[in-house]
Amino acid sequence: DAKTTQPTSMDCAEGRAANLPCNHSTISGNEYVYWYRQIHSQGPQYIIHGLKNNETNEMASLIITEDRKSSTLILPHATLRDTAVYYCIVRVGPFYNQGGKLIFGQGTELSVKP
Amino acid sequence: GAVVSQHPSRVICKSGTSVKIECRSLDFQATTMFWYRQFPKQSLMLMATSNEGSKATYEQGVEKDKFLINHASLTLSTLTVTSAHPEDSSFYICSANGFSQANTEAFFGQGTRLTVV
């Protein structure tokens, strides 16, 4: 699976959009971009995933560049409860017929401040 | 969405004893489950892949005789930390994948905080 690079930490003001970047320059054509987050002392939570088109759900938006070498997770109106470590993971998907293990990098520690 | 439950959420045990952690998929069948370990201020480290009805596959450097994994049914995998020592104190997390095509993401348990004294 391709390696990802994320900033170690970021701050965001409450109510503002949080934009979390991820570089995955060695991504292959059949690899998806997944985002998970982990709130302190809890298990990771799925946020969103995509292959090449931009995706949006009730939690966030995922913007993938045309060359697929980087992506941005957008939390449109960050709240204090969005303070967490955000992990960008690239892997062959979908899960149910591809083994499914996730390899976590160091992630980005997002702090949402009042 | 799919729910994965771990039990217990916290456990304290004496050095030299064994501890069993359960991971259950509550509303779907999971042919494959994964066990992770997380030390403070660090990321999740994959320990092993648990396959229903067969032996687990361990990641390099993980002692299979120390971390026993059993996946006897489609809804339950267990991790037993044998002869626990203080250095085994960590946050253990499981995840599960399901059968349904709607499950395109892994579902994680809430984690088990193990403290060995």
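These lines cover the structure that appears in this document, whether it is placed above or below. Computed from a predicted model, the values in this text were never measured in an experiment.

Basis of the calculations
- Residues numbered from 1 in each chain as written.
- Chains lettered and ligands numbered in written order.
- Predicted model: local features only at pLDDT ≥ 70, side-chain atom pairs only at ≥ 80, totals over all residues.
- Heavy atoms only, no water.
- Helix = DSSP H or I, 4+ residues; strand = E, 2+ residues; numbered from the N terminus.
- Rg over C-alpha atoms; globule rule 2.2 N^0.38 Å.
- Buried < 20%, exposed > 50% of the residue type's maximum accessible area, 1.4 Å probe, protein only.
- Contact = heavy atoms within 4.5 Å.
- Areas by Shrake-Rupley, 256 points an atom, 1.4 Å probe, with all protein chains shown as cover.
- Lys, Arg positive; Asp, Glu negative; His and termini not counted.
- Charge placed at Lys NZ, Arg CZ, Asp CG, Glu CD.
- Core = buried A, V, L, I, M, F, W, Y, C linked by side-chain atoms within 4.5 Å.
- Pairing = 2+ DSSP bridges.
- Axes fitted to C-alpha atoms, helices over the stretch in contact; angles between N-to-C directions.
- 1 Å grid on protein atoms, 1.4 Å probe; cavity = no way out; pocket = protein on both sides within 12 Å on 5 of 7 lines; lining within 4 Å.
- Points joined across faces, edges and corners; volume = space filled by probe spheres on them.
- Disulfide = S-S within 2.5 Å.

**Some remarks on the overall build of chain B**
Now for step 1: Along chain B, the regular secondary structure elements total 0 helices and 11 strands.
Now for step 2: If you list the helices and strands of chain B from N to C, you get β-β-β-β-β-β-β-β-β-β-β.
Now for step 3: Scaling as 2.2 N^0.38, a compact globule of 117 residues should have a C-alpha radius of gyration of about 13 Å, and chain B matches this with 14 Å.
Now for step 4: For the C-alpha atoms alone, the extent of chain B along its principal axes is close to 45 × 25 × 20 Å.
Now for step 5: For chain B, the proportion of its 117 residues judged to be buried stands at 50%.
Now for step 6: Across chain B, every contact between residues at least 6 apart in sequence was considered, and the portion connecting residues at least 24 apart equals 54%.
Now for step 7: Accessible surface, chain B: about 5600 Å² in total, of which carbon and sulfur atoms supply 51%.
Now for step 8: Of the side-chain charges in chain B, 10 are positive and 9 negative, and the distance between the mean point of each set is 7 Å.

**Some points on the nonpolar core**
Within soluble globular proteins, side chains that are nonpolar generally end up buried alongside one another.
Now for step 1: Judged by nonpolar contacts, the single largest core of 24 residues is most densely connected at Val-4, Trp-35, Phe-67, Leu-79, Tyr-92 and Leu-114 of chain B.
Now for step 2: Only strand 2 (10–13), strand 3 (19–25), strand 4 (32–38), strand 5 (45–51), strand 7 (67–73), strand 8 (76–81), strand 9 (90–97) and strand 11 (112–116) of chain B provide two or more residues apiece to this core.
Now for step 3: Apart from residues lying up to four places away in sequence, Phe-67 of chain B is in contact with Arg-37, Met-47, Tyr-58, Val-62, Leu-79, Thr-80, Val-81, Asp-88 and Tyr-92 of chain B.
Now for step 4: By size, the runner-up hydrophobic cluster in this structure holds 21 residues, among which are Ile-27, Ile-47, Leu-62 and Leu-73 of chain A.

**Concerning unusual backbone geometry**
With the exception of glycine, most residues fall at negative phi, and the peptide bonds are largely trans.
Now for step 1: Following His-7 of chain B, the chain continues into Pro-8 of chain B via a peptide bond in cis, with omega recorded as 0 degrees.
Now for step 2: Relative to the elements of secondary structure, Pro-8 of chain B occurs in the loop between strand 1 (4–7) and strand 2.
Now for step 3: Of note in this structure, Arg-68 of chain A is not a glycine but carries a positive phi near 65 degrees.
Now for step 4: Within the fold, Arg-68 of chain A resides in the loop between strand 6 (61–64) and strand 7 (70–75).
Now for step 5: Positioned with a positive phi, Ser-83 of chain B is a non-glycine residue whose angle comes to about 45 degrees.
Now for step 6: Tracing the sequence through the fold places Ser-83 of chain B in the loop between strand 8 and strand 9.
Now for step 7: You can call Ser-83 of chain B partly exposed: its relative accessible area is 35%.

**Observations concerning the sheet that holds strand 4 (residues 45–50) of chain A**
Residue and element names in this part refer to chain A.
Now for step 1: Judged by pairing direction, the sheet is mixed, and its 5 strands sit side by side in the order 1-9-8-3-4 without closing on themselves. Each edge of the open sheet carries a strand with a single partner, namely strand 1 (9–13) and strand 4. For this sheet, the mean inter-axis angle between neighbouring strands, taken without regard to orientation, is 25 degrees.
Now for step 2: Pairing of strand 3 (residues 31–38) with strand 4 involves 5 bridges; the strand directions are antiparallel. For Tyr-36, the partnering residue across the bridge sits in strand 4 and is Tyr-46.

**A look at the sheet that holds strand 8 of chain B**
Hydrogen bonds between backbone atoms are what pair the strands of a sheet, whose relative direction is either parallel or antiparallel.
All names here are of chain B.
Now for step 1: Spatially, the 4 strands line up as an open sheet ordered 1-3-8-7, and their pairing is antiparallel. In the strand order of this sheet, the two ends are held by strand 1 and strand 7, each with one partner. Direction aside, the axes of adjacent strands within the sheet are offset by 15 degrees on average.
Now for step 2: Examined bridge by bridge, strand 7 and strand 8 share 5 bridges and lie antiparallel to one another. By the bridge assignment for strand 8, Asn-70 is matched with Thr-78.

**Some remarks on the layout of surface pockets**
Now for step 1: Approximately 870 Å³ is the volume attributed to the largest pocket.
Now for step 2: The wall of the largest pocket is formed by 36 residues, among which Val-85, Tyr-87 and Gln-106 of chain A together with Lys-41 and Gln-42 of chain B lie closest to the centre.
Now for step 3: Of all the secondary-structure elements, those providing two or more residues to the lining of the largest pocket are strand 8 (84–92) and strand 9 (108–113) of chain A.
Now for step 4: In terms of residues, the lining of the largest pocket owes the most to one element, strand 8 of chain A, which gives 6 residues.

**A few points about the state of the cysteines**
By definition, a disulfide links the sulfur atoms of two cysteines through a covalent bond.
Now for step 1: Within this structure, the stated rule accounts for 2 disulfides over all chains.
Now for step 2: The residue that forms a disulfide with Cys-22 of chain A is Cys-88 of chain A, at a sulfur-sulfur distance of 2.1 Å. Residues Cys-22 of chain A and Cys-88 of chain A share a disulfide whose torsion about the S-S bond is about -80 degrees; that sign makes it left-handed. In this pair, Cys-22 of chain A sits in strand 2 (residues 18–23) while Cys-88 of chain A sits in strand 8, placing the two residues 66 residues apart along the sequence. For the pair formed by Cys-22 of chain A and Cys-88 of chain A, the shared burial category is buried.
Now for step 3: The disulfide bridge from Cys-23 of chain B ends at Cys-94 of chain B, spanning 2.0 Å between sulfur atoms. In this structure the cystine formed by Cys-23 of chain B and Cys-94 of chain B twists about its S-S bond by roughly 80 degrees; its chirality is therefore right-handed. Of this pair, Cys-23 of chain B sits in strand 3 while Cys-94 of chain B is found in strand 9, placing the two residues 71 residues apart along the sequence.

None of this, on its own, says anything about what the molecule does.
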